[in-house]
Amino acid sequence: MSLRTSLQKLIRRDPAASLRERAADLRASLSRRTVVVGSVAAAVPLPAIAAPVVAPPALPHPDAELLALGERWLRARDAQERAMEAWGVAWRQVCAVIVTCPPELFAPHDERMCIGAGWRWPTRLGVSLRHVALDWGAPESHTEQAWTGEALRIAIARAVPMLGRGGKTPGRIRRWKAMLPIADAFDAQVEAVEAATDRRRLEQVRRTAEDEFRDLTRQISQHVATTPEGMAALVRVIGRYPWKDTGGAWSNLLLSAANVAGIDPASLDHEHASTRADRA
């Protein structure tokens, strides 16, 4: 109904009504129509909204743990190789100084036998001598054991209690005391090059990297792969084992596993030859 028609009806309904009263009646009429129209609109159903498509949850990979270990193993292998390379550069510089050790510091055979001087374990006198590799790689290569200042001081202090006052003990003590200035001077040279190359810290980094790599290798070796991807992690680890060169079917078994896992056999050579194409 138009506004004009509504006004006409109001005028016809009560000609005596005032203009204000007619306007109030018109507003009331329009408000009732608005409520009715709104109620009807609300009753009309809206078009249905399409429900989102929910994909089913992905199943975990059968070798998920093995694959995760394999990724860590690869990173640990690279870290170990970098640590070995950095330490090797420093160690070669230190060795270049160690091989210049004065021959006066070399312990004679009877002295080594007497005190049992060693490298990896405490000796009877509690000293360890420095190993000096001479002519390394040549047919006449050999290793000497040399006194350090620290070892000499320990030996001098413990000689009488351990070896007794008589016999060769007095002569050895005199010789060791005379060697102290030479040993201290050479120790200073070695310590200087070790400090300049950061050899000791790099050696600790190398050992830490080796421990982590060894631990991951052990963890992977305890798994059984059920997929080619999982088998690839095992193949990389087994490819570094020396027993794969013991003959029989070991190398062929490893090559078969590499083929199934999609691993290039050339990447498994390491320091052994059983996986090379030109192997005997």
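See above for the structure.
So, here is what we can say about the structure in this document.

**What about the overall build of the chain?**
Part 1 of the reasoning: Looking only at helices and strands, the chain has 9 helices and 2 strands in total.
Part 2 of the reasoning: Each helix (α) and strand (β) of the chain, taken in turn from the N terminus, gives the series α-α-α-α-β-β-α-α-α-α-α.
Part 3 of the reasoning: When the 280 residues of the chain are sorted by exposure, 32% land in the buried category.
Part 4 of the reasoning: In the chain, 65% of the contacts between residues at least 6 apart in sequence involve partners at least 24 apart.
Part 5 of the reasoning: In the structure as shown, the chain presents an accessible area of about 18300 Å², 60% of it carried by carbon and sulfur atoms.

**Details of the pattern of salt bridges**
Pairing between side chains becomes possible if they bear opposite charge and their charged atoms approach one another.
Part 1 of the reasoning: Applying the stated criterion across every chain, the model contains 11 salt bridges.
Part 2 of the reasoning: Note that glutamate 203 is salt-bridged to arginine 199, the shortest N-O span being 2.1 Å. Here glutamate 203 pairs with arginine 199, and both are found in helix H7 (residues 199-221), just 4 residues apart, close to one helical turn.
Part 3 of the reasoning: Assessed through its relative accessible area of 11%, arginine 199 is described here as buried.

**Some details on the packing of helix H3 (residues 64-98) against H7**
Part 1 of the reasoning: Two elements in contact, H3 and H7, have axes whose closest approach is 8 Å; the angle formed by their N-to-C orientations is 155°. By the angle class used here, H3 and H7 are roughly antiparallel. Between H3 and H7 the crossing geometry is left-handed.
Part 2 of the reasoning: Considering only residue class, the contact of H3 with H7 consists of 18 nonpolar, 4 polar and 6 charged.

**Focus: the nonpolar core**
Part 1 of the reasoning: Formed by 26 residues in total, the largest nonpolar core has its most connected members in Cys101, Leu105, Val132, Trp147, Leu152 and Trp176.
Part 2 of the reasoning: When contributions to this core are tallied by element, the ones reaching two or more residues are H3, strand S1 (130-134), helix H5 (149-163) and helix H6 (169-197).
Part 3 of the reasoning: A per-element tally of this core places H6 first, with 8 residues.
Part 4 of the reasoning: With near-sequence residues (within four places) excluded, leucine 105 lies in contact with Gln145, Ala146, Trp147, Met179, Ile182, Ala183 and Phe186.
Part 5 of the reasoning: Within the second largest apolar cluster, 11 residues are counted, among which are Ala76, Leu216, Ile220 and Val237.

**Considerations on unusual backbone geometry**
Part 1 of the reasoning: Backbone geometry at aspartate 198 places phi at a positive 60°, although glycine is not the residue there.
Part 2 of the reasoning: With respect to the secondary-structure elements, aspartate 198 resides in the loop between H6 and H7.

**Comments concerning a nonpolar patch on the surface**
Part 1 of the reasoning: On the surface, Trp243, Trp250 and Leu253 cluster together into a nonpolar patch covering about 330 Å² of accessible area.
Part 2 of the reasoning: Along the polypeptide, tryptophan 250 turns up in helix H9 (residues 250-261).

Thresholds, definitions, all that
Residues numbered from 1 in each chain as written. Predicted model: local features only at pLDDT ≥ 70, side-chain atom pairs only at ≥ 80, totals over all residues. Heavy atoms only, no water. Helix = DSSP H or I, 4+ residues; strand = E, 2+ residues; numbered from the N terminus. Buried < 20%, exposed > 50% of the residue type's maximum accessible area, 1.4 Å probe, protein only. Contact = heavy atoms within 4.5 Å. Areas by Shrake-Rupley, 256 points an atom, 1.4 Å probe, with all protein chains shown as cover. Salt bridge = Lys/Arg side-chain N within 4 Å of Asp/Glu carboxyl O. Axes fitted to C-alpha atoms, helices over the stretch in contact; angles between N-to-C directions. Parallel < 35°, antiparallel > 145°, perpendicular 65-115°, else oblique. Left-handed = near helix turned anticlockwise from the far one by under 90°. Nonpolar A, V, L, I, M, F, W, Y, C, P; charged D, E, K, R; others polar. Core = buried A, V, L, I, M, F, W, Y, C linked by side-chain atoms within 4.5 Å. Patch = residues over 30% accessible without salt bridge, like charges linked within 9 Å, V, L, I, M, F, W, Y side chains within 5 Å.

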